[in-house]
Amino acid sequence: MSERKERCTASCIQRAGARQVNPATLLALAAPLALMGCAGDKSILDPAGQVAREVALIWWVMLSFATVVFVSVVSLWLYALLRKHREHTPTQERRIVRYWIVGGGLLLPGLTICALLAFGVPTGKRVLPVPLDNAPVVIEVVGHQWWWEVRYPNAEGEAVVTANQIVMPAGEPVDFHVTAADVIHSFWIPRLGGKIDMLPGRTNRIRLDADAPGRLLAQSAEFSGVGYAHMTFPVEVLPREEFDAWLAARQPEAIEALTATADAATLASFEESCARCHRVAGLSTGDTGPDLSDIGARATLGGGVLTMEEGAIAHWLEHHQTLKPGNKMPPHDDMDAATLEALGSWLETLTP
Ligand code: HEC
């Protein structure tokens, strides 16, 4: 008895709660959330490449088809509720049941899956890095907690290394070879389609293309710990000649000359406090943190937490644990502000 009373109390509270929420308010609150993914820099519905356009088309086809199925099912359900009850003989009943199972349970899903495969398989094939007559540009991306290592290997087995940015040529396929250094991450440039897991110990490959020069945004699509939300980075799409020039400016011989711009005291602080984790071409080989050889030429810092502008690196060095809580660079509390500012100013000059 008391149990029934308790249950009644719980459902009464539920009903009372439900009465207080106006459905129109709920809808108004939910609509912006639901529509948030439809626009902006990371919208899959605003494709910026051939593969992405095909993926978006499949999405629209699936949405249209799902809408037709939804409306049909709801209409049939309403019809079944509202129509007058009719008596059937057992043979008629068996026939009706068979009709629905074969038609609705086998034929309809079978045809739907075939139609989706006819659309999806050619698109899926296009993102596979099959051999091409002209070998595409290869960009290797390694996911770290919580930053991106980006490498452009050349035929001699060496690589131009950068971090937290991708620069790629427009109007041609680019092969991304992705892996992870610690936990699982996921590589995703929403406006170019794709999205592929980055797994420690395994290299996955995906082929993407961008129609025209411009800036896109990429981010990790796999929760990887506390800094995960700050793993966005810009993707700069350049005309082929500008891309070639960008890459040439980062070849070892070109970039090593840049390090000569630091004064002895700043270089000594870098050597002592930073070099073991950071590589600066021609100066240090640390690889626990992002390569800083072209840091002054990047658009953002810390996976998108700061826009690069004068003084941004010093600001990052002083406040990085507040800007990006939990990130794996230790705080520099033992260093005075003047040293950090000198380091920041020098790093900002590393613009190949
Ligand atoms: C123990 C290793 C370690 C040391 C020592 C270290 N860092 Fe870092 N640093 C990191 C890691 C890891 C990151 C990436 C943090 C993130 O964004 O999650 C980083 C990020 C950075 C960035 C931002 C890079 C980018 O692409 O956004 C700069 C600039 C930087 N460090 C400079 C320095 C300087 C200057 C020193 C010395 C005063 C230093 N670091 C010392 C590990 C280290």
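Residues numbered from 1 in each chain as written. Predicted model: local features only at pLDDT ≥ 70, side-chain atom pairs only at ≥ 80, totals over all residues. Heavy atoms only, no water.

J.: Please explain the site of the ligand as it appears in this structure.
T.: In the neighbourhood of the ligand, 28 residues make up the surrounding shell, with C274, C277, H278, G302 and M329 lying closest. No other element matches the three residues that helix α8 (residues 312–323) contributes to the shell around the ligand. The class makeup of the residues in the shell around the ligand is 16 nonpolar, eight polar and four charged. (Near = heavy atom within 4 Å. Helix = DSSP H or I, 4+ residues; strand = E, 2+ residues; numbered from the N terminus. Nonpolar A, V, L, I, M, F, W, Y, C, P; charged D, E, K, R; others polar.)

J.: What am I meant to see in the pairing of strand β9 (residues 214–220) here?
T.: Both faces of the sheet carry side chains from a regular strand, because those side chains alternate between them. As paired strands, strand β6 (residues 185–189) and β9 are joined by two bridges and run antiparallel to one another. Looking at β9, one finds that F187 is bridged to S220. Two strands pair when backbone bridges link them, and β9 and strand β10 (residues 232–238) are joined in this way by six bridges, in the antiparallel orientation. Each bridged residue has a counterpart across the sheet, and for L216 the counterpart in β10 is V235. (Pairing = 2+ DSSP bridges.)

J.: What is the right way to look at the packing of aromatic side chains in this model?
T.: In this description, an aromatic ring pair is defined by two values, namely the gap between the centres and the angle between the planes. For the coordinates displayed, the defined rule picks out 10 aromatic pairs. Grouping aromatic residues by their ring pairs yields a cluster made of W148, F176, F187 and F233. Here the basic side chain of K195 rests over the ring of W188, its NZ or CZ set 4.6 Å away from the ring centre. (Phe/Tyr/Trp six-rings, centres within 6.5 Å; stacked < 30°, edge-to-face > 60°. Lys NZ or Arg CZ within 6 Å of the ring centre and 35° of its normal.)

J.: Hey, could you run me through the coordination of the iron atom of the ligand in this one?
T.: The textbook angles at a metal center are 109.5 degrees for a tetrahedron of four donors and 90 or 180 degrees for an octahedron of six. Bound to the iron atom of the ligand on the protein side are H278 (NE2) and M329 (SD), at distances that span 2.0 to 2.1 Å. Relative accessible area serves as the criterion here: at 12%, H278 is assigned to the buried category. Relative accessible area serves as the criterion here: at 15%, M329 is assigned to the buried category. (Donors = N, O, S within 2.8 Å, 3.2 Å for Na, K, Ca; no water. Buried < 20%, exposed > 50% of the residue type's maximum accessible area, 1.4 Å probe, protein only.)

J.: Explain the packing of helix α7 (residues 264–273) against helix α9 (residues 337–348) here, please?
T.: A pair of packed helices is characterised by two quantities: the angle between their axes and the separation of those axes. Contact pair α7 / α9: the axes reach a minimum separation of 10 Å and the direction vectors enclose 100 degrees. In terms of orientation, α7 lies roughly perpendicular with respect to α9. Together, T266, L267, S269 and F270 of α7 and T339, A342, L343, W346 and L347 of α9 make up the contact between the two elements. Across the contact of α7 with α9, the residue classes tally to six nonpolar, three polar and no charged. (Axes fitted to C-alpha atoms, helices over the stretch in contact; angles between N-to-C directions. Parallel < 35°, antiparallel > 145°, perpendicular 65-115°, else oblique. Contact = heavy atoms within 4.5 Å.)

J.: I keep staring at the sheet that holds strand β7 (residues 193–198) and nothing clicks. Help me out?
T.: Either a parallel or an antiparallel arrangement is found when strands of a sheet pair, and the pairing is made through backbone hydrogen bonds. Taking strand neighbours across the sheet as the criterion, the five strands line up as β4-β10-β9-β6-β7 in an open arrangement whose pairing is mixed. Strands with a single pairing partner mark the edges of an open sheet, and in this sheet they are β4 (166–169) and β7. Averaged over neighbouring strand pairs, the angle between their axes works out to 25 degrees when direction is ignored. Against the sheet, helix α5 (residues 240–248) touches β4 and β10, its axis set at about 135 degrees to β4.

J.: It is not clear to me how a negative patch on the surface should be interpreted in this structure. Could you clarify?
T.: A surface patch of negative charge is lined by E156, E158, E253 and E256. Tracing the chain through its elements places E158 in the loop between β2 (147–153) and β3 (159–163). (Patch = residues over 30% accessible without salt bridge, like charges linked within 9 Å, V, L, I, M, F, W, Y side chains within 5 Å. Areas by Shrake-Rupley, 256 points an atom, 1.4 Å probe, with all protein chains shown as cover. Salt bridge = Lys/Arg side-chain N within 4 Å of Asp/Glu carboxyl O. Lys, Arg positive; Asp, Glu negative; His and termini not counted. Charge placed at Lys NZ, Arg CZ, Asp CG, Glu CD.)

J.: Got a minute to help me understand the nonpolar core in this structure?
T.: Nonpolar side chains in soluble globular proteins tend to be buried together. Judged by nonpolar contacts, the single largest core of 37 residues is most densely connected at I139, V141, Y152, I166, M168, F176 and F187. Residues within four places of M168 in sequence aside, it is in contact with I139, V174, F176, L192, D209, A210, V235, E236, V237, L238 and F243. Ranked by size, the runner-up nonpolar core spans 24 residues in total, among them C274, I295, L340 and L350. (Core = buried A, V, L, I, M, F, W, Y, C linked by side-chain atoms within 4.5 Å.)

J.: What's the story with α8 in this structure? I'm lost.
T.: Since the α-helix advances by 3.6 residues per turn, residues separated by three or four positions end up pointing in the same direction. Under the 1.5 Å per step criterion, the end-to-end length of α8 is only 12 Å for 12 residues, more than 12% shorter than the ideal 16 Å. Taken residue by residue, α8 has A312, I313, A314, W316, L317 and H320 as its buried positions. Looking at the buried positions of α8, the neighbouring elements they touch are β13 (300–301), β14 (306–307) and α9. (Expected span 1.5 Å × (residues − 1).)

By themselves these figures say nothing about function.
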